[in-house]
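The primary structure of each chain is shown beneath.
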Amino acid sequence: MAKTKAYAASAAKAPLAPHTIERRELREHDVVIDIRFCGICHSDIHQARDEWGGATFPMVPGHEIAGIVSAVGPKVTKYKVGDKVGVGCFVDSCRKCTECQAGLEQYCSVHTSWTYNGTEQDGTTPTYGGYSERIVVDENYVLRLPDHLPLDASAPLLCAGITLYSPLKHWAAGPGKKVAIVGLGGLGHMGVKIAHAMGAEVTVLSQSLKKQADAKRLGATHFYATSDPETFTKLERHFDLIINTVSAEMDYNQYLELLKVDGTMVLVGIPEKPHQIQSFSLIMGRRSLAGSAIGGIAETQEMLDFCGKHNIVSDIELVPIQKVNEAYERVLKSDVRYRFVIDMASLS
Ligand code: NAP
Ligand code: ZN
Ligand code: ZN
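Keep in mind it's a predicted model, so treat the numbers as computed, not measured.

**Quick word on the coordination of the zinc ion (ligand 2)**
In the first shell of the zinc ion (ligand 2), the protein supplies Cys41 (SG), His63 (NE2) and Cys159 (SG), at 2.0 to 2.2 Å from the metal. Look at where the donors of the zinc ion (ligand 2) fall in the sequence and you get C-x21-H-x95-C. Highlighted residues: Cys41 in the loop between β3 (30–39) and α1 (42–48) and Cys159 in the loop between α3 (151–154) and α4 (160–170), separated in sequence by 118 residues. Taken as a pair, Cys41 and Cys159 share a single burial class, namely buried.

Here it is as structure tokens:
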């Protein structure tokens, strides 16, 4: 076991503070990754504050991990020391169920080992995330990062990138499709870049007009403020696909009305409280309301290769780990352009 410096929340809503964890001894198929950068996902905040229930502490958040391989187990074939690699939201799964066999490890019906706030496949050993010096992960759950992309701005691809790529691909965003991204935060801004690269016409629906110029630069053709009630009349029956990234409570019915017949709204944001859906919002247009979680390992690699080809990374603000609690507060105020990434060199 190797002692590893980290930052952890000791209890729900406690500020994150320095903490030491143990990383496991290298197993045959394990890769040791020196973590250089880790993105701050809104899910880190939901979980560190136990907004989804069942959180375990101490918690070391972080599932947008980018780093360099520093050691490999004797049977590792996919990676070598010095490789640029990433780890996303999970570090293992049962590998046997129908979902795992289909490359949908994030929906494993037995046990997905989440990168933090979860357990290893033994069901008892807690997992600790990327706000730490290094991580030990089975090579089959490690991703290869495109060599020519900057490592710091690639980190958010591991969660924000795949969370938008997967539904955009599944619901066939592309030429001739009108796609709306609701919420221009970490996930939303990746959605704009990726949907644009896929060839779709992208509209951003944001609370105010503050981010309009940014959205256009990121690849959006249209931008509307949801604080203006006219937005909802102008855009009625307009979109083929809406990806809703909002992390807070809102009226989904209003947004369903913006779908064409047979359109789909995919929820990726995970607010604390449940919602009320009017049957009419769905029925009067044969509309679908769906959800989507990150992506499997193969699809995450496909997304990274797609981003490599299209030179897509996240727009980031680099922060030292000592500023993590401040960064959380700013994310809660939608005051981030567009993802905080922790420079892990600040930990040593
Ligand atoms: P984020 O950076 O905070 O972005 C969320 C955006 O939602 C904000 O930038 C803001 O955009 C909008 N928003 C915030 N509060 C709002 C409100 N009260 N009403 C309307 N809009 C509001 O967060 P993120 O990291 O992108 O994560 C977004 C959500 O997705 C979180 O709930 C997170 O847990 C979840 N998530 C899900 C998955 C998955 O696999 N499904 C993966 C990662 C994260 P504007 O300023 O443009 O209005
Ligand atoms: Zn995330
Ligand atoms: Zn499984």
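**Thoughts on the coordination of the zinc ion (ligand 3)**
Reference values for angles at a metal are 109.5 degrees in the four-donor tetrahedral case and 90 or 180 degrees in the six-donor octahedral case. Here the zinc ion (ligand 3) is held by Cys94 (SG), Cys97 (SG), Cys100 (SG) and Cys108 (SG), and the distances to it run 2.3 to 2.4 Å. Coordination geometry of the zinc ion (ligand 3): the four donor atoms subtend angles of 106 to 116 degrees at the metal centre, consistent with an arrangement described as tetrahedral. Read in sequence order, the donor residues coordinating the zinc ion (ligand 3) give the pattern C-x2-C-x2-C-x7-C. Placement of Cys94 in the loop between β6 (90–92) and α2 (98–101) and of Cys108 in the loop between α2 and β7 (113–114) is noted, with a sequence separation of 14 residues between them. The buried category is assigned to Cys94, whose relative accessible area is 12%.

**A few points about the packing of aromatic side chains**
Throughout the structure, instances matching the rule amount to four aromatic pairs. Centroid distance Phe90 to Trp114: 6.4 Å. Interplanar angle 85 degrees. Geometry classified as edge-to-face. Highlighted residues: Phe90 in strand β6 and Trp114 in strand β7, separated in sequence by 24 residues. Among the aromatic residues, those joined into a cluster by ring pairs are Phe90, Trp114 and Tyr141.

**Thoughts on the packing of α4 against helix α5 (residues 186–198)**
Helix packing geometry: the angle between the two helix axes and the distance between the axes. Following both chains from N to C, one finds α4 and α5 inclined at 45 degrees, their axes separated by 8 Å at the closest point. Comparing the axis directions of α4 and α5 gives the class oblique. Both α4 and α5 take part in a crossing whose hand is right-handed. In this structure, α4 contributes Ala160, Gly161, Thr163, Leu164, Tyr165, Leu168 and Lys169 to the contact, and α5 contributes Gly186, Leu187, Met190, Gly191, Ile194, Ala195 and Met198. Residues belonging to the contact of α4 with α5 are distributed by class as follows: nine nonpolar, four polar and one charged.

**Some words on the site of ligand 1**
His42, Leu184, Ser206, Lys211 and Arg339 are the nearest of the 28 residues found near ligand 1. His42 is positioned with one of its side-chain polar atoms (N or O) 2.7 Å from an oxygen atom of ligand 1. At 3.0 Å, a backbone N or O of Val268 approaches a nitrogen atom of ligand 1. In the complex, 89% of the free accessible area of ligand 1, which totals 920 Å², lies under the protein chains. Mapped by element, the contributors of at least two residues to the shell around ligand 1 are α1 and α5. Looking at the shell around ligand 1, the element that brings in the most residues is α1, giving three residues. Here the shell around ligand 1 is composed, by residue class, of twelve nonpolar, 14 polar and two charged. The residues that make up the shell around ligand 1 include at least three from each of domain 1 (2–159 + 315–347) and domain 2 (161–291).

**Points about a nonpolar patch on the surface**
Taken together, the side chains of Phe280, Ile283 and Met284 present a nonpolar region at the surface, about 360 Å² in accessible area. Positionally, Phe280 belongs in helix α9 (residues 279–283). Judged by its relative accessible area of 59%, Phe280 is exposed.

Calculation rules
- Residues numbered from 1 in each chain as written.
- Chains lettered and ligands numbered in written order.
- Predicted model: local features only at pLDDT ≥ 70, side-chain atom pairs only at ≥ 80, totals over all residues.
- Heavy atoms only, no water.
- Donors = N, O, S within 2.8 Å, 3.2 Å for Na, K, Ca; no water.
- Helix = DSSP H or I, 4+ residues; strand = E, 2+ residues; numbered from the N terminus.
- Buried < 20%, exposed > 50% of the residue type's maximum accessible area, 1.4 Å probe, protein only.
- Tetrahedral: all angles 85-135°; square planar, octahedral: opposite > 155°, others 65-115°.
- Phe/Tyr/Trp six-rings, centres within 6.5 Å; stacked < 30°, edge-to-face > 60°.
- Axes fitted to C-alpha atoms, helices over the stretch in contact; angles between N-to-C directions.
- Parallel < 35°, antiparallel > 145°, perpendicular 65-115°, else oblique.
- Left-handed = near helix turned anticlockwise from the far one by under 90°.
- Contact = heavy atoms within 4.5 Å.
- Nonpolar A, V, L, I, M, F, W, Y, C, P; charged D, E, K, R; others polar.
- Near = heavy atom within 4 Å.
- Polar contact = N/O pair within 3.5 Å; in protein donor to acceptor, adjacent residues only side chain to side chain.
- Areas by Shrake-Rupley, 256 points an atom, 1.4 Å probe, with all protein chains shown as cover.
- Domains from an automatic or database assignment.
- Patch = residues over 30% accessible without salt bridge, like charges linked within 9 Å, V, L, I, M, F, W, Y side chains within 5 Å.
- Salt bridge = Lys/Arg side-chain N within 4 Å of Asp/Glu carboxyl O.

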